[in-house]
Amino acid sequence: MTERKVRRVSLIVLDSVGIGELPDAADYGDKGSNTLANVAKAVQGLNLPNLAKLGLGHIHPLQGVEPMTNPLAAYGKMAERSMGKDTTTGHWELAGIILEKPFRTYPQGFPKEIIDKFENRIGRKILGNVVASGTQIIEELGKQHMDTGCPIVYTSADSVFQIAAHEDVIPLEELYRICEIARQMLDGEHKVGRVIARPFVGKPGSFQRTANRHDYAVPPPVPNILTILQEAGIKTMGVGKIYDIFAGVGISDTIKTKDNMDGVDKTIKFMKDTQEGLIFANLVEYDSLYGHRNDPAGYARALEAFDRRLPEIMEAMLPEEVLIITADHGCDPTTTSTDHSREYVPLLVYGEPVKGGVNLGTRTSFSDVAASLADFFGVNLKTGISFVPEILNNPKD
Ligand SMILES: O=P(O)(O)O[C@H]1O[C@H](CO)[C@@H](O)[C@H]1O
Ligand SMILES: [Mn+2]
Ligand SMILES: [Mn+2]
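Residues numbered from 1 in each chain as written. Chains lettered and ligands numbered in written order. Predicted model: local features only at pLDDT ≥ 70, side-chain atom pairs only at ≥ 80, totals over all residues.

Examining the domain arrangement of the protein
Selection criterion: Domain limits in this description derive from either an automatic procedure or a database domain assignment. Note on contacts: each residue gets a C-beta atom placed from the backbone, and two residues are in contact if those atoms are within 7 Å. Classification convention: Asp, Glu, Lys, Arg as charged; Ala, Val, Leu, Ile, Met, Phe, Trp, Tyr, Cys, Pro as nonpolar; all other residues, Gly among them, as polar.
What the domain assignment lists for the protein is domain 1 (8-97 + 220-391) and domain 2 (112-217). The straight-line distance from the C-alpha centre of domain 1 to that of domain 2 is 29 Å. Taken together, the contacts link 10 residues of domain 1 with 10 residues of domain 2. Per-class residue counts for the side of domain 1 that touches domain 2 are 2 nonpolar, 4 polar and 4 charged.

Digging into the site of ligand 1
Counted only if it meets this: Any residue whose C-beta atom, as placed from the backbone, lies within 6 Å of a molecule or strand is termed near it.
With respect to spatial proximity, the complete set of residues near ligand 1 consists of Thr87, Ser133, Gly134, Ser156, Asp158, Val160, Gln162, Ile196, Ser288 and His292. Partitioned by chemical class, the residues of the shell around ligand 1 number 2 nonpolar, 7 polar and 1 charged. Looking at the shell around ligand 1, you find at least three residues from each of domain 1 (8-97 + 220-391) and domain 2 (112-217).

A closer look at unusual backbone geometry
Note the following rule: By the criteria applied, helices consist of DSSP H or I runs no shorter than four residues and strands consist of E runs no shorter than two, each listed in order from the N terminus. Put simply, a residue is buried when 20 or more other C-beta atoms lie within 10 Å of its own C-beta and exposed when 12 or fewer do; between those, it is partly exposed, and each C-beta is set from the backbone.
Residues Val222 and Pro223 are joined by a peptide bond in cis, for which omega reads 0°. Along the chain, Pro223 turns up in the loop between strand E8 (214-217) and helix H8 (225-231). Backbone geometry at Asn129 places phi at a positive 55°, although glycine is not the residue there. With respect to the helices and strands, Asn129 occurs in strand E3 (residues 127-131). Its 20 C-beta neighbours within 10 Å are what place Asn129 among the buried residues. Even without being a glycine, Ala247 presents a positive backbone phi close to 45°.

Shown next as structure tokens:
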């Protein structure tokens, strides 16, 4: 057991904010993807003065983001070691879980025997069973769904079984129940990463998805850094999707969010209310509203909105606190693909305990974050390489 070095760590995941193709990106159809750099180019330069001050411009050339002299944070980028590019795999690796076997995906839809069994169990036929973008598939099949009462099943490049239904046709309660049936069924050989309820409202031509989305994840392997911290009596607080991504395992407290700015508000609320532990936040809109929807201008605005809130987050920090800003995969909105991209993620580590300006280089796994959390909190974890020795101010040894 090492010595505890900080009181609190705030770990903020900017969902899908990748920073350049991984060496094996071509295997995933993602050659040339670079979410941050391509968004910056598409809008002729990003206005991110606060992230620039931390050192974002040192990680990769980004139009409009200068590499400042004396950056306040230690900076680098991380490769994903697990074979995947989905949210679950990315977050689990940040928590020290390396998936040897990727979650199974269904580029041709789900096998007949699964669909037959599912239809029998829920007492309704289904529509779709294809790879699709969620907003497009409800436009395409929404009317037929309303006429027949058949839910729409679709998947993506991620390991997901998504069920879309109009809230007036299949009430939420029933939608959640049929998702639980799917979750139960999709085990063993067909253990998909997530079953997702995708309710929507409105009329044909103007359907809108609602905030009643619900994710049913497979529970993560243990131990991981969250369960280890919890067992050591260190509180773990999830903001936004974190609780769902870990199926609640290793999460002491959780708070839901409406959007990115609410995610920042709730993160700051935890920072004000709790004096110690890990605050683990996910800001999902980069991915859900802009990355998957191929909207670089919206993506840029959302990055700039976060940047404007960064000083508030920094002010809420304790003297013995470290802020880590990173991501879970890419989702380049400038490529034709509407799916995630296999990318490096940025790494910024800031706070009084940390030496600014240290180049943390190219890390071989996201699990270096977990190893560093273990190091900061003085607990043991066997995965990843801690960057704490490289950045700690006045190590007490
Ligand atoms: O296109 P929509 O429905 O937003 O779905 C996207 O969101 C899913 C889960 O985050 C991904 O697998 C992708 O399919
Ligand atoms: Mn994600
Ligand atoms: Mn996504």
